[in-house]
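# Understanding the architecture of this molecule
These are the residues of each chain, in order.
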Amino acid sequence: MKTYATFEEIDNDLKRFKLERDIAWEELKLTKGEFKEDLQPLNWVSTALKLTRKYSFIALIRKWIFKK
């Protein structure tokens, strides 16, 4: 436990703790917004299309390689 010599030290720590709390709160709000955006159906569709393209390309390459 920290011991304080002056009220100024206490005030400085309280200000620092308030700023740290405010920063953490803003980061939490940002994370919430990103999470909410990730749950949008349009993002699901684009992710599904990307995966489909990737695996289709891999399947075509395999078919082409093993056909020879």
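First, a word on what this report is: a plain description of the structure on this page. Worth saying up front: this structure is predicted, and the values here are computed from it rather than measured.

## Quick look at the pattern of salt bridges
Evaluated as defined, the whole model comprises five salt bridges. Across the pair Glu-20 and Arg-16 runs a salt bridge, and its minimum N-O distance is 3.3 Å. Of this pair, Glu-20 and Arg-16 both sit in helix α1 (residues 7-38), separated by four residues, roughly a single helical turn. The class of Glu-20 is partly exposed, set by a relative accessible area of 42%. With a closest N to O distance of 2.9 Å, Lys-18 and Asp-22 form a salt bridge. Of this pair, Lys-18 and Asp-22 both sit in helix α1, four residues apart, roughly one helical turn.

What counts, and where the lines are drawn
All residue numbers refer to position in the chain's written sequence, counted from 1. In keeping with the predicted nature of the model, local features appear solely for residues at pLDDT of at least 70, side-chain atom pairs appear and are counted solely at 80 or more, and the whole-chain, interface and lining totals rest on all residues. Note that the side-chain values use all heavy atoms of the structure and ignore hydrogens as well as water. Salt bridges are defined as contacts in which a side-chain nitrogen from Lys or Arg sits within 4 Å of a carboxyl oxygen from Asp or Glu. Helix and strand definitions here come from DSSP, where helices need a minimum of 4 consecutive H or I residues and strands a minimum of 2 consecutive E residues; each element is numbered from the N-terminal end. Type-normalised accessible area, obtained with a 1.4 Å probe on protein chains alone, sets the label of each residue: buried when under 20%, exposed when over 50%, and partly exposed for intermediate values.

None of this, on its own, says anything about what the molecule does.
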